[in-house]
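Okay, here's what each chain looks like letter by letter:
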Amino acid sequence: METIDKGRRRLLGAALTTPVLAAGLPLNTYAADNYPARPINLIVPFSPGGGTDISARLLAAALGPQLGGTSVVVDNRPGAGGQIAADLVARSNNDGYSLLFANSGMLAVNPWLYKLHSDPATAFAPISMFSDLPFALVVSPQLAARNVQELVELARKEPGKHTFASSGTGGAPHLAGEIFQQATGTQLTHVPYKGGGPAMTDLMAGRVDMLFASILETVTYVQAGKLRALAVTGPTRSPAMPDVPTLDEAGVHNAQTGSWTAVLAPAGTPPAVVDKLSEAIRRVADSADVKKKLEAQGAVAHGSTPAELAKIAASERARYGDIIKTRNLHVD
């Protein structure tokens, strides 16, 4: 009986594969033509409600219709600076149904600061970027600096006296402060917090002097006069803060920074599936509705090809590696 069952399975396998081969279609092409055939899981490395999660849910809602109406399900797996989610996706089947919504810290910073189970340079297939998230440089209203140059002058007069907060050692806001110091020749004292909320609270109370944080987190406080925005860290002004200059406009060059998000698949995912996903994500990022919603978050839509994402990730990884080594940064 078992022999007969095995024979039936062999015949069934042949029946399923023969039409594909007879048609002369590569398996990758066949997989892409029939993809997706079931819901896709988009694994988010952070808790619900944060900026990364909000962007991921925006993408998930718009991506399904671009892929024939399939469901794209957001699955939050927070912890270990994003590595729980990264390891989960790296171990998943490379069939395009488990994707990682990563940020720049996971891809460009974590490899220099942590011992990782999954090397982001080899464990994943890049698909597309989704958004850029520049920071705002905000200061306490009690600080006697009305613009970036006045802040630099204060810091140069008394090295080490002035403080900059961050949401934690090794995070993008911390590294933005390190890049700022290197670009301006200043010496500031870093005060790390366990999250952006406590850092923002102490900044408004005047317990620390300055902070690099997402525009989404800061714009309400700036509008209310509880914080003063001196610059944004992107290449252009933010629509959410149109009167605030870029760092470059304020006279600080080579200090552009911030965070960005991207979608990855497990290494070995068929290139045709990767290309299909990348094209769909780029269409989402190009849509006027998504651009408007991201701008409301202080972000900028930014789709890319897989090759472009790989190049950006490698460049950012090298840049942050230089900063981390030059400034002798480490996580205790």
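Look up: the structure comes first, before these words.
Report follows, based on the coordinates. (Residues numbered from 1 in each chain as written. Predicted model: local features only at pLDDT ≥ 70, side-chain atom pairs only at ≥ 80, totals over all residues. Heavy atoms only, no water.)

1. What to know about the environment of Ala 56
Tracing the sequence through the fold places Ala 56 in helix H3 (residues 51–66). Here the alpha-carbon distance between Ala 56 and His 190, two residues 134 residues apart in the chain, equals 30 Å. The contacts of Ala 56, once residues within four sequence positions are left out, are Leu 42, Val 44, Val 74 and Phe 101. (Helix = DSSP H or I, 4+ residues; strand = E, 2+ residues; numbered from the N terminus. Contact = heavy atoms within 4.5 Å.)

2. Re the sheet that holds strand E1 (residues 40–44)
Taken in spatial order, the six strands line up as E2-E1-E3-E10-E4-E11 in an open sheet, and their pairing is mixed. The open sheet has two edge strands with one neighbour each: strand E2 (72–76) and strand E11 (300–301). Note: strand E4 (residues 124–133) against strand E10 (residues 259–266), eight bridges, orientation antiparallel. Looking across to E10, one finds that Phe 124 is bridged to Pro 266. Each of strand E3 (98–103) and E10 touches helix H5 (residues 104–113); the most contacted strand, E3, lies at about 70° to it. Sitting on the sheet, helix H10 (residues 271–286) touches E1, E3, E4, E10 and E11, and the angle it makes with E4 is about 5°. (Pairing = 2+ DSSP bridges. Axes fitted to C-alpha atoms, helices over the stretch in contact; angles between N-to-C directions.)

3. A word on the packing of aromatic side chains
Here the structure, examined in full by the defined rule, presents three aromatic pairs. The ring of Tyr 97 carries the charged tip of Arg 38 above its face, separated from the ring centre by 3.7 Å. A cation over an aromatic ring shows up here: Arg 319 above the ring of Tyr 320, its NZ or CZ 5.9 Å from the ring centre. (Phe/Tyr/Trp six-rings, centres within 6.5 Å; stacked < 30°, edge-to-face > 60°. Lys NZ or Arg CZ within 6 Å of the ring centre and 35° of its normal.)

4. Things to note about the environment of Ser 278
Checked against the element boundaries, Ser 278 lands in helix H10. The spatial distance from the C-alpha of Ser 278 to the C-alpha of Ser 214 is 26 Å, given a sequence separation of 64 residues. Leaving out residues up to four positions away in the same chain, Ser 278 has contacts with Ile 127, Ser 128, Ser 304, Thr 305 and Pro 306. Here the side chain of Ser 278 touches Ser 304 through a polar contact of 3.1 Å, landing on its backbone oxygen. (Polar contact = N/O pair within 3.5 Å; in protein donor to acceptor, adjacent residues only side chain to side chain.)

5. Some points on the side chain of Asp 209
Topologically, Asp 209 is positioned in the loop between helix H8 (196–204) and strand E8 (210–214). No salt bridge forms around the buried Asp 209; measuring N to O, its nearest opposite-charge neighbour Lys 161 is 7.7 Å away. Polar contacts involving the side chain of Asp 209 include one to the side chain of His 162, which spans 3.3 Å. Not counting the four nearest positions on each side in its chain, Asp 209 is found in contact with Val 138, Val 139, Ser 140, Leu 143, Lys 161, His 162, Thr 163 and Leu 203. (Buried < 20%, exposed > 50% of the residue type's maximum accessible area, 1.4 Å probe, protein only. Lys, Arg positive; Asp, Glu negative; His and termini not counted. Salt bridge = Lys/Arg side-chain N within 4 Å of Asp/Glu carboxyl O.)

6. Observations concerning the environment of Ile 324
Looking at the element boundaries, Ile 324 is found in helix H12 (residues 306–326). Placed 211 residues apart in sequence, Ile 324 and Leu 113 show a C-alpha to C-alpha distance of 8.3 Å. If we skip the residues at most four places from it in the chain, Ile 324 touches Val 109, Trp 112, Leu 113, Leu 175 and Leu 329.

7. A word on the pattern of salt bridges
Throughout the structure, instances matching the rule amount to eight salt bridges. For Asp 202, the salt bridge is made with Arg 207, and the minimal N-O distance between the two is 2.8 Å. Owing to a relative accessible area of 17%, Asp 202 belongs among the buried residues under this scheme. With a shortest N-O distance of 2.9 Å, Glu 249 and Arg 237 are connected by a salt bridge. Here Arg 237 lies in the loop between strand E9 (228–232) and E10 and Glu 249 lies in the loop between E9 and E10, a separation of 12 residues in the sequence.

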